[in-house]
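Chain by chain, the residues:
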Amino acid sequence: LEREPCPDLIVVMVQKEVAERIVASPGQMSMLSVMVQYYGKPEIVVIVPRTSFWPEPEVDSAILRIRMKRREENMDEKKFFQLVKIGFSSRRKQLQNNLAAGFHISNDEAKSRLQAAGFDSKIRAEDLSVEDWRRREPGEPSISAFMGTPADRRAATAASMSFTAAVKWLTLYPLSRTQAANW
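Described in the following lines is the structure provided in the data block. Note that this is a predicted model, so its numbers are computed, not measured.

Attention now moves to the packing of aromatic side chains. Across all of its chains, the model carries six aromatic pairs by this definition. A centroid spacing of 5.8 Å and a plane angle of 25° characterise the contact between Tyr-39 and Phe-81, whose relative ring orientation is stacked. Pair noted here: Tyr-39 is in helix α2 (residues 31–39) and Phe-81 is in helix α3 (residues 77–87), with a separation of 42 residues, a long-range link. As far as burial versus exposure is concerned, Tyr-39 and Phe-81 are alike and both buried. Following the ring pairs from residue to residue traces out a cluster consisting of Tyr-38, Tyr-39, Phe-80 and Phe-81.

What follows covers unusual backbone geometry. Cis geometry is found at the peptide bond from Trp-54 to Pro-55, where omega equals -5°. Mapped onto the elements, Pro-55 comes out in the loop between β2 (40–48) and β3 (61–68). For His-104, which is not glycine, the phi torsion reads 55° and is therefore positive. Relative to the assigned elements, His-104 resides in the loop between α4 (95–103) and α5 (107–116). Given a relative accessible area of 45%, His-104 falls into the partly exposed group.

So, about the sheet that holds β2. Here we have three strands laid out as an open sheet, ordered β1-β3-β2, and antiparallel in their pairing. Both outer strands of the open sheet, β1 (9–15) and β2, are each paired with one neighbouring strand and no more. Each strand of the sheet is rotated relative to its neighbour by a mean of 25°, with strand direction disregarded. For β2 and β3, the ladder comprises eight bridges, and the chain directions are antiparallel. Note that in β3 the partner of Glu-43 across the bridge is Arg-65. Packing of α2 onto the sheet brings it into contact with β2 and β3, and relative to β2 it is tilted by some 115°.

Rules used throughout
Residues numbered from 1 in each chain as written. Predicted model: local features only at pLDDT ≥ 70, side-chain atom pairs only at ≥ 80, totals over all residues. Heavy atoms only, no water. Phe/Tyr/Trp six-rings, centres within 6.5 Å; stacked < 30°, edge-to-face > 60°. Helix = DSSP H or I, 4+ residues; strand = E, 2+ residues; numbered from the N terminus. Buried < 20%, exposed > 50% of the residue type's maximum accessible area, 1.4 Å probe, protein only. Pairing = 2+ DSSP bridges. Axes fitted to C-alpha atoms, helices over the stretch in contact; angles between N-to-C directions. Contact = heavy atoms within 4.5 Å.

Right, dumping it as structure tokens:
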């Protein structure tokens, strides 16, 4: 989906359950649904019953149509999907816990950033739409505030530790300019 040149339309047959996960709406989103819906608008065209095949499989299938979207030129997709991956890292946890662990910040800091972005601190990753993950217009609340610069993340990590622990951490994990640029 992320390769260029990208087709305008993709039509595939997949297991019905996979198709349902891909077209999921907020409340049932998954890493897969966010990834596909980021690049396109998926829809189930038709359910193909298992009786249509020989030998008959255990599950029904679905024909899935994905109309590709125009890609945003100023979106850092690597950082975006890194954020989404951290958000979904522990399925049953609240988003603030996953973000705190993934960005090495305190739960209180993650909670305050979520609230500043206009989200309930008890929200889970599956409750967010693709637009919730990606919105970042000036003045618009955004979860992408967690995608700060490497220096911001290092400072937040160090700030969440005691002074001694922070000095040890910064000594053990210094970032070169190249590493910081690729983070």
